[in-house]
Structures are given as structure tokens and as C-alpha cells.
Amino acid sequence: MNYSQTLEFLFSSMPTFQEKGVTAYKPGLERIAAFCRHLGNPQRNYFTIHVAGTNGKGSVSHIIAAVLQQAGYRTGLFTSPHLHDFRERIRVDGEMIPKQKVVNFVDKHREKMVDLELSFFEMTAAMAFDYFAQSDVEVAVIETGLGGRLDATNILLPIVSVVTNVGLEHTALLGDTLAKIAAEKAGIIKPGIPVVYDNNDRAAGAVIAAAADRLGSAAYGLTAEDSCWGVSFAAPYQAMNAALAVKVLEILEIEGVNAEVCRKALASVHWTGRMQQVAPNVWVDGAHNPGGIRAFIQAVKAQNGLAVQEKQSAQQPDQGEQNAADMHPQIQLLFAAVSDKDYHEMIRLLCTELSPERVTVVQLKSERGLQADALARQFEDAGCSHVTAFDSTKDALKHVLSEKKEGDHLYMVGSLYLIGEILEDLKLQLHRM
């Protein structure tokens, strides 16, 4: 098979959570463990850092990998989902796995994958483990897919575990309370292995700390007050992610990793789809649940100054305040969401906290994508006006770019899959303007 045929086999034979949602989720470690034994347990050939969480785990993973690479270590990075190319999930020293390596892996192990009825994510994780071993990786940073305790990546024995922000997401699979979800995320903690965790929500943090205590693992809880050497970020939430990553590296005391190396890596790291500016006054952000939307709103407020706050005020501003508010940019949104997210709360937050001037909604290509008309009604019910609906991202993007006035701030948000579709189309759209 060539690369295109290989991808067609993977996506058609092994359903992805991205496309199918809950029906594609296969919890448990038996299948991945059996397949890794078949591969010779490649995940044991290098040190690993294991990262779980609701929001921020991808950013934390990228930061840790960037610092290790800056320090001269051959570094593997496994994340999900991908935005453009399947190979984004598996990188060594920042370079994606070659297409031929993907083809060779599937050609060699397809029969076993089918026999074990692996999920798409299990297959992808195993491919990463195998490629890292082939590539003589010294340290691999591995992001969980969903949850932690029963996630396919939890066959690892890491040198440190990380739990980022924990929020209410995938409640049908992980539990209907924050405590239950935190317990699932804390399931990646191994006996005697240290854990670094986001302790901004003390209820979730208490669950993680208790799990660490039971396992005799040193636990390091961080809050927003923990600094990261004053490095500036495109969004405030990235400062927290950076603090978690740096704490991991501090407690490991890895030779060659010092404050200066961390600063250089943090200054150069690039987060695709996380408050990413893609054109003048145009940003994309992959916030896709209420917790992510809250962080996104905080970042937008930081960019737009007092104008956002003034819109929320119940008091009528005097003329001087109104003139000051008029100097701030108008906010426009392009939004999409999938059906198994708490999109009601996401929309409520956007309308009440940001009061955007215009909203454009679109249905994603994924089977999980919510219909645009239904999304539009949700925004209208939440108090947003000037809502326009489209059935294709290409048409929606063309519309918002043509409608955007000079000085307006346009934000595209609601799903990582939306960001992937936008980034594919954006360059062509901008070129035609």
C-alpha cells in the first residue's frame, strides 16, 4: 500500500473518536499490552513522561519536549488529535514520522492489529512507541488520549506523571462529577513515581494528591501564582501550562536542563491552534469545552482591555466611558462544536462574557458535528444577535473574512476539528482577498 491507501485503511477499518465519538472508545489495557508484546515492548527502551488532563495537556507536552530538545536530548512526542496530517501525532525532535514509516508499520502489523481489534488510538500509540524505539529516542513525552486510568498509553512506567487542568468532559465515559474525572486522570500515577498537577481547582487537586499519597508518590500541586520566569505568552492559560512543564523538568534534575535552556525553549515553542494568530487581528483557538472556553475568554479579555468588561456592566456608562469603549475593537466569532461536548454552557459563556458583535456558526465535517441551524438557535437563545449559519467551513470562513471590518478582532473557536478545517482553507481564502 502507498501512504494514501494506508491512511484509508486506518481510518476506515479502525474508527476514530474524532469521527465516531463514544462508539470508537475502547477502554482497557489488554489489547494494547498484547500488541506491544507482539512488537517487543518498544515503550521500555526509553524514558517517558506521561501527561493527562482535560485542558492543556497538549501544550504541556509540547513545552516539555521543546525544553528537552533544546537541552540536546533526542526527544519523542506523541499527541492527539492531529489538525492537518495524521503524522502530526508522532514526532521526533520536532519532525513528523515519515510517511514510509507509517506505511511500513501498517504493512508489517496489519494482521495482528485486526486480530486484536485495536482501536484507532491504540494502533497510533503503539506506532509511536515503536517509532521512538527505532529512532533511538532518549525521552518520550506521551499525552493520553481520553481519561488516564484505562487509556491505552497507561501501559507506560514513566519517570514522572503530569495532570493538567481537570474539568467536566466526557462525563458518560469518565464520570459525572469532577472528583470522578480527577480520579480517572490520577489513574496514570504509578507507585513511587512523582506527579506534578494543576491545583487551581482544589477539589480536583485533593483527589490527585490523595491518589499520590496512597501510592507513595511525591506530589507537586501548582496554582496560577506559580511563576515561569516572567516569560510572556499569547494567552494567560499558557503561563500555567509552562509552569507545570518547568516544574516537571526541575524535579527530574536532568543534566543540561536549566533556567536559560527553559527560557529559550519557551520563547521559541509554537502552539498550533492555541490562541494562534493567523492573520492581522484574526486568531484561532482550540477551546472545546467549558473550561477551555473560560480560559479563551480570559485571553480575549486580556487582548481587548476594558471594552469587554464594560459590555458586561449592568450600569449605564457615562459619555466619557462610552467614548473609551468605542476605541476598543469589536469582537466577532466563528464557532463550531461536536454533539458530545457541553456546547450549551460554552455558548452561554461566550454570549454573557464576551457579547460578540457578530457570530458565525458552522457544521463540522465530522459525524459528531452539530448542525449549524441548531447552533445558531442556541446563540440566539443565549442573547447573542447577528448570528449567521453555514454548512461548510470554507463558506463560513469566506463570510467572516469579508464581513470583518478593519480593526475588528475575529476569533475562531469551539473545536480542534474546526481549527484543523480552518487552517486548511485559510491560506487560500486570504490569498484571494
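Here, every reference points to the structure presented above.
Being a predicted model, the structure only gives us computed values, none of them experimental.

### Overview of the pairing of strand 7 (residues 195-198)
Phase 1: Burial along strand 7 is two-sided: V195 and Y197 facing one way and V196 and D198 facing the other are all buried.
Phase 2: Pairing analysis gives three bridges linking strand 6 (residues 160-163) to strand 7, with the strands arranged parallel. Counted as the bridge partner of S161 is V195 from strand 7.
Phase 3: Pairing of strand 7 with strand 8 (residues 219-222) involves four bridges; the strand directions are parallel. Among the inter-strand pairings, V195 is bridged to a residue of strand 8, identified as A219.
Phase 4: For the crossover that starts at strand 7, traverses helix 9 (residues 202-214) and ends in the parallel strand 8, the hand is right-handed.

### Looking at the state of the cysteines
Phase 1: Taken as a whole and assessed by the stated rule, the structure comprises one disulfide.
Phase 2: In this model, C351 is linked to C384 through a disulfide, with the two sulfur atoms separated by 2.2 Å. Because the sign of the S-S torsion sets the handedness, a value of about -125° for the bond joining C351 and C384 places this disulfide among the left-handed ones. Here C351, found in helix 15 (residues 343-354), pairs with C384, found in the loop between helix 16 (372-381) and strand 13 (387-390); they are 33 residues apart in sequence, far enough to count as distant. When sorted by exposure, C351 lands in the same class as C384, which is buried.

### Some points on unusual backbone geometry
Phase 1: The omega torsion across S80 and P81 is -5°, close enough to zero to call that bond cis.
Phase 2: Looking at where P81 falls in the secondary structure, it is placed in the loop between strand 2 (75-78) and strand 3 (90-92).
Phase 3: For N41, which is not glycine, the phi torsion reads 50° and is therefore positive.
Phase 4: Relative to the helices and strands, N41 is located in the loop between helix 3 (30-39) and strand 1 (47-52).
Phase 5: Residue classification places N41 among the buried residues on the basis of a relative accessible area of 14%.
Phase 6: Phi at H386 is positive, roughly 55°, even though this residue is not glycine.
Phase 7: For H386, the position within the fold is in the loop between helix 16 and strand 13.

### A few points about the side chain of D408
Phase 1: Position of D408 among the secondary structure elements: in the loop between helix 17 (393-403) and strand 14 (409-413).
Phase 2: Buried charged residue D408 carries no salt bridge. Nearest counter-charge: K405, at 5.1 Å.

### Focus on helix 4 (residues 57-70)
Phase 1: Between its terminal C-alpha atoms helix 4 stretches 20 Å, which fits the 20 Å expected from 14 residues at 1.5 Å a residue.
Phase 2: Of all 14 residues in helix 4, eleven are buried; the element is thus mostly enclosed.
Phase 3: Here helix 4 has its buried residues at K57, G58, S59, V60, S61, I63, I64, A65, A66, V67 and L68.
Phase 4: Just beyond helix 4, the residue with positive phi is G72, at close to 100°.

### A look at helix 8 (residues 178-185)
In an α-helix there are 3.6 residues to a turn, and that puts residues three or four apart on one side.
Phase 1: Those residues of helix 8 lying buried are I181, A182, E184 and K185. Along the long axis of helix 8, the arc covered by the buried residues comes to 155°, so they all point the same way.

Basis of the calculations
- Residues numbered from 1 in each chain as written.
- Predicted model: local features only at pLDDT ≥ 70, side-chain atom pairs only at ≥ 80, totals over all residues.
- Heavy atoms only, no water.
- Buried < 20%, exposed > 50% of the residue type's maximum accessible area, 1.4 Å probe, protein only.
- Helix = DSSP H or I, 4+ residues; strand = E, 2+ residues; numbered from the N terminus.
- Pairing = 2+ DSSP bridges.
- Right-handed = clockwise from strand over helix to strand, strands pointing away.
- Disulfide = S-S within 2.5 Å.
- Lys, Arg positive; Asp, Glu negative; His and termini not counted.
- Salt bridge = Lys/Arg side-chain N within 4 Å of Asp/Glu carboxyl O.
- Expected span 1.5 Å × (residues − 1).
- Arc of directions from axis to C-beta.

Interpretation in functional terms is not warranted from these geometric data alone.
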